Each structure stands twice: as C-alpha cells, then as structure tokens.
Amino acid sequence: MTPSPPEPSGLIQAALERQQLRSERVRVTAFIFLLVFLLLVLVLLRTRPGLMSEPVRQQLLPSFAPVAQVIGLFLLYESGVGWWLSRLWRKGRQPPSWFPWLNTLVEVSLPTVTIIISARYMGGLPVIEGVLPFVYFLLLGLTSLSLNWKLCGFAGLVASIGFLIVSIVLLLRLEPAFRGADSALLASLRSPHQYIVKSALLLTGGFLSGFVASQLRRQLLTGLQTMQQLNRTVSLFGRHVSPEVAEHLLQQPGGAAGQERSVCVMFLDIRDFSRFAAGRPPGEVVHYLNTLFSGMIPVIHGHRGIINKFLGDGFMAVFGAPVDDPDRCRNAVAAARSILLKVDEMNASGQITPTRVGIGLHLGVAVTGNVGGGDRMEYTVIGEVVNLAARIEQATKTWQARLLVSGEVMDALGGPAAEDLGPVQLKGHDQPIRLFMLA
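Residues numbered from 1 in each chain as written. Predicted model: local features only at pLDDT ≥ 70, side-chain atom pairs only at ≥ 80, totals over all residues. Heavy atoms only, no water.

## Topic: the nonpolar core
Nonpolar side chains in soluble globular proteins tend to end up buried together. As a reminder, the rule being used: Residue types Ala, Val, Leu, Ile, Met, Phe, Trp, Tyr and Cys, when buried and joined through side-chain atoms within 4.5 Å, form a set referred to as a nonpolar core. Think of it in three bands: with a 1.4 Å probe and only protein chains considered, a residue is buried below 20% of the maximum accessible area for its type, exposed above 50%, and partly exposed in between. Each helix is a run of H or I in the DSSP string that is no shorter than four residues. Each strand is a run of E no shorter than two, and both are numbered from the N terminus. Working rule for contacts: check all heavy atoms of both residues, and any pair within 4.5 Å makes them a contact.
Counting 39 residues, the largest nonpolar core has Met-266, Phe-315, Ile-339 and Leu-361 as the members making the most contacts within it. Elements that contribute at least two residues to this core include exactly β1 (259–270), α11 (273–278), α12 (282–302), β3 (314–319), α13 (328–349), β4 (357–373), β6 (403–406) and α15 (407–413). The biggest single contributor to this core is α13, with nine residues. Apart from the residues lying within four places of it in its own chain, the contact partners of Phe-315 are Met-266, Phe-267, Leu-268, Phe-293, Met-296, Ile-300, Ile-307, Lys-309, Phe-310 and Ile-339. The next biggest cluster of nonpolar side chains, apart from the first, holds 16 residues, and it includes Leu-38, Leu-45, Ile-71 and Leu-139.

What follows is the structure in structure tokens.
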C-alpha cells in the first residue's frame, strides 16, 4: 500500500478539505445513479418477460418487490446524504469525522442486505452465484472518490466480511435439492473455499481502491501546492512588475529568444525632482514617490500597459507587450491623459507637494524578452523606439509641454486635435522627428 502524502496545513489543508467534500458529493451522486439503474433493471425484468428464460423469471418474481423496497430505502438515504452534503458545501463546513465511516458501512452493506432478502425466495446458491456480489466492486470503485485510502480499506473489509458471513450461512442452510446433489458442479458450488477466495478478492479490491484514492489525493495535493507557490510567486513578483509580465516570465523558458513587437513606449519624468529630493530626508522622498506612483500604476495597468522600469524620478511603460494590443497607441495616450488628471487632482487635494510631470510617447518595433542569467532574469524592451521615446520625453522641457507624441503615434490614432510642432531635432538622433503636443 502506497503511504499517504504528508498532511498539509493552512490554506492548502482548507482547499484540500473543500475538494474532498466536493468529491464526496460527486461520489454520492454517482451512487444515486447506480441505485436508480438497479431499480430500472428490476422494472425491466419484471415487465419484459423476454429478457430472461421463463423458469428463471418465475423464480425471481417473488424477490422483485422486496429487493426494490430495499434499493428504494437506500435511495432515500443517499438522497438525504446528498442534500446534507450540499448544505455543508454552501456553508463552507465539513461533515463530522465519524460520518464517512458510518456512511461507508451503510452503503457497502447494500449488496449484503439484498443477498439476504433475495435468498428467502431463491435459495442460497443462486443468489451468491448471481450478479449481486458484483455490486460490491462497483461500490468499492466509488469509494476511491473519498480520497481516503483508509476508508477504502475499511469498505473492502466490510464487503469481505459481509459476503463471507452471508455465504457461509447460506451454504449451511442449503435447500434439500442442492444438499443432496452429487454433480461435480454442485459440489464446487457447495465448497466454501471459493467464497473465501471471493471475500479475499473483495478485501484486495478495497485496498486497490485505496491505492487509487491515495494517488488521486497525492496528485490533488501536489496541484494545490504548485498553485499556491505560483500564486505566491506572481503576487511577490507582481509587486515589482505588472501581473502580465509576471505570468509571461513564469511561463517562458529562461533561454527563450526575444520577439519583435510593435509597441508604444511611454517615458514619464517628474520635473525638478533632484531639487525636491536634495532638501528632504530619504523617508519623505520615498513616501512622496510611493504616493505619486500609487496613483499612476493602476492607470497604466487599467489601459493594458505595463511598468517596465522605474527610473527613480519617473518610469518607462510599454503598451503592446508582452500581450499584443491593437489599440496600444490609443491606450497609451488615454493613460497619459489620465495620469495628468490624476496628478492635478493630487496637487489640488494636497496629497503631494506641487508636482509637474512630462510624458513622451513613441510607436515602433522593439525586441522584447527575458534578459539575464542564472537566478536573475528581467523582462526587457530593447530598440530605437525606447531611445526615441526617452528623447521625446526630454523634449517636453524644451517645449514646456506635459505630453508630447511622435508622428507615428498620431498616425496610429487617426489624427486627433493636437499642436503640430513639425520636425524636431532630438538630442542624440540624426534625423528630425515630427512631434505633436497633446497637453
């Protein structure tokens, strides 16, 4: 028997218990369907004479009604259990620890009780040699959904002992017609050895079902632990980059090649930050930046962008990577305008020291991917588009602008109202770039 995995704790334990309760509800539902199927079989055998030979049917007829009553009682019981478990599920509660054991004892007793009832009308040998003992194995298979190998072993023990006792009792009370028969077949049927072997098989079936339950539980526990670790990693990583980048980095192999993407790059700079920081303690400066950026980051994420780098007195954001966005320019401009409004609101409310920012946007092709080695990897956007976006942001100081965008961005937008600054020679760039002032 494979040992059960170590018991988890905390959130994983709660999730595991929740899943076990769900699995138990599924198992009860399956058992209810099995009982309904057995009732349908009895009805068909009772109403359709051609399904079996007439002598056998006449022998079975007296047992149909009592056996149907027994199955009906078990069906009512299972329906009640299913209703109770559904209530516990909705309330987020677990059944008492003793309930699974008592419920297993009751459920696995169904074939035993049915055999006893049928034997009153058909004799011992026809019943214990018929199809009823096979129902034990169906129930043992369903018990594996409990995800408890000990419970499965208990079910096998109950089935084994129940069948063995009933078989021995029925053999000792054989009808005269069977007791006096001398054929080799009847002698074999009267031998208790085969029933002992069948009981051993039932016990083995219980532990095999327990093995399956143990493997299911182990796989479920491993999945829950992996999911918790992934959520913890994404949560921790997401404090430094956006959730989209965190997911992308976790899914990509470390040596994955870069991808060329059309992206809209945003650079934001806080005006006169060096002068502000020079006369204040570090704690106040950090608090100021955290307050300011906490209002901007949701805006970037809300417009399908990511913060790729914090630059001390600003940041670089990217729209269109790592997840492609056909409206990357429109979202970038909308995010920039929302940030300017947010800064105005924070200035007016006194949340921050009076602050001015400059934003530059440029559209172009960049190489995106994971860069680094060993245990240190970073999602990076590289290309001339990045350099030009940074130069455009610097040009906001020259033009006393709050938001400048390149001609490529304006073309992608379809030409909204803006002041055309014409071709502008940017520092560090040979060719003039046409710029537009949006704010």
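Still more to cover.
## Remarks on the environment of Leu-438
You can see Leu-438 is positioned in the segment after β8 (433–437). Overall, Leu-438 belongs to the buried group, its relative accessible area being 15%. In this structure the C-alpha to C-alpha distance between Leu-438 and Ala-418, which are 20 residues apart in sequence, comes to 5.1 Å. Those residues in contact with Leu-438, other than ones at most four positions away along the chain, are Val-333, Arg-337, Leu-403, Val-405, Met-410, Ala-417 and Ala-418.

## Remarks on the packing of helix α5 (residues 134–143) against helix α6 (residues 149–172)
We count it as follows: Fitted lines through C-alpha atoms serve as axes, helices being fitted only where they are in contact, and the angles separating the N-to-C directions of these axes extend from 0 to 180 degrees. Just so you know how the angles are binned, under 35 degrees is roughly parallel, over 145 roughly antiparallel, 65 to 115 roughly perpendicular, and the rest oblique. Crossing chirality is assigned from the near helix's rotation relative to the far helix, an anticlockwise turn below a right angle marking it left-handed and a clockwise turn marking it right-handed. Three residue categories are used. Nonpolar comprises Ala, Val, Leu, Ile, Met, Phe, Trp, Tyr, Cys and Pro, charged comprises Asp, Glu, Lys and Arg, and polar comprises the others, including Gly.
In the contact formed by α5 and α6, the axes pass within 9 Å of each other and the chain directions differ by 165 degrees. With respect to α6, the axis of α5 lies roughly antiparallel. Here the hand of the crossing between α5 and α6 comes out right-handed. On the side of α5, the interface is formed by Tyr-136, Leu-140 and Thr-143, while α6 contributes Leu-151, Cys-152, Ala-155, Gly-156, Ala-159, Gly-162 and Phe-163. Of the residues contributing to the contact of α5 with α6, the split by class is seven nonpolar, three polar and no charged.

## Some words on the packing of aromatic side chains
When we look at a pair of aromatic rings, we describe it by the centre distance and by the angle of the planes. Under the convention used in this document: Pairs were defined over the aromatic rings of Phe, Tyr and Trp, the Trp ring being its six-membered one, requiring ring centres within 6.5 Å. Orientation was assigned from the angle between planes: stacked under 30 degrees, edge-to-face over 60, tilted for the rest.
All chains considered together, the criterion is met by eight aromatic pairs. The interplanar angle of 80 degrees and the centroid separation of 6.1 Å between the aromatic rings of Tyr-136 and Phe-163 together place this pair among those described as edge-to-face. Of the two residues, Tyr-136 is situated in helix α5 and Phe-163 in helix α6; the sequence distance between them amounts to 27 residues. Residue classification places Phe-163 among the buried residues on the basis of a relative accessible area of 2%. With a centroid separation of 6.3 Å and an interplanar angle of 35 degrees, the aromatic rings of Phe-273 and Phe-276 are classed as tilted.

## Brief notes about the pattern of salt bridges
Inclusion rule: For this analysis, a salt bridge means a side-chain nitrogen from Lys or Arg found within 4 Å of a carboxyl oxygen belonging to Asp or Glu.
Considering all chains together, one arrives at ten salt bridges under this definition. Salt-bridge contacts for Asp-420 lead to Arg-434; the nearest nitrogen and oxygen are separated by 2.2 Å. Here Asp-420, found in strand β7 (residues 419–424), pairs with Arg-434, found in strand β8; they are 14 residues apart in sequence, far enough to count as distant. Accessibility expressed as a relative area gives 36% for Asp-420, which makes it partly exposed. Each of the salt bridges in this network shares a partner with another, and the network as a whole consists of Glu-24, Arg-27 and Glu-107.

## Focus on the confidence of the model for the chain
Selection criterion: Along the chain, pLDDT gives the predictor's confidence residue by residue, from 0 to 100.
When pLDDT is averaged along the chain, the result is 80, and 79% of the positions lie at 70 or above. Within the model, pLDDT remains below 50 along residues 1–7, and this stretch shows 21 contacts once partners closer than five positions in the same chain are excluded. Segment residues 176–181 is flagged for pLDDT under 50; beyond a separation of four residues in sequence, or across chains, it makes nine contacts in the model.

## A look at the side chain of Arg-271
Applied cut-off: The definition of a polar contact used here is a pair of N or O atoms within 3.5 Å, where within protein one atom must be able to donate a hydrogen and the other to accept one, and adjacent residues in sequence count solely through side-chain atom pairs.
As for its position among the elements, Arg-271 is in the loop between β1 and α11. Assessed through its relative accessible area of 12%, Arg-271 is described here as buried. Looking at Arg-271, its side chain comes within polar contact range of the side chain of Asp-269, at 2.8 Å.

## Let's talk about the pairing of strand β2 (residues 305–310)
Note the threshold: A pair of strands is labelled paired if DSSP reports no fewer than 2 bridges between them.
Sheet topology note: the β2/β3 ladder contains five bridges and is antiparallel. Residue pairing across strands places Phe-310 opposite Phe-315, the latter belonging to β3. Linking β2 to β3, which pair antiparallel, is a turn of three residues; within it Gly-312 sits at a positive phi near 85 degrees.

## A few points about α12
Stated precisely, the cut-off is as follows: To estimate how far a helix should reach, multiply one less than its number of residues by 1.5 Å. A residue's bend is simply the angle between two axes: one fitted to the seven residues ending at it, one to the seven starting at it.
The terminal C-alpha atoms of α12, which comprises 21 residues, lie 30 Å apart, in line with the 30 Å expected from a rise of 1.5 Å per residue. At Phe-293, α12 shows its largest kink, close to 30 degrees. Three or more residues of α12 are buried, namely Val-285, Tyr-288, Leu-289, Thr-291, Leu-292, Phe-293, Gly-295, Met-296, Val-299 and Ile-300. Two residues or fewer after α12 comes Arg-304, characterised by a positive phi angle close to 65 degrees.

## Some remarks on α5
Stated formally: Directions from the helix axis toward the C-beta atoms define the arc.
Residues of α5 that are buried: Val-135, Tyr-136, Leu-139, Leu-140, Leu-142 and Thr-143. An end-on view of α5 places all buried positions within 160 degrees of arc, on one side of the element.

## A word on the environment of Ser-79
Among the secondary structure elements, Ser-79 is positioned in helix α2 (residues 54–91). Overall, the relative accessible area of 34% leaves Ser-79 in the partly exposed class. Here the side chain of Ser-79 touches Leu-75 through a polar contact of 2.8 Å, landing on its backbone oxygen.

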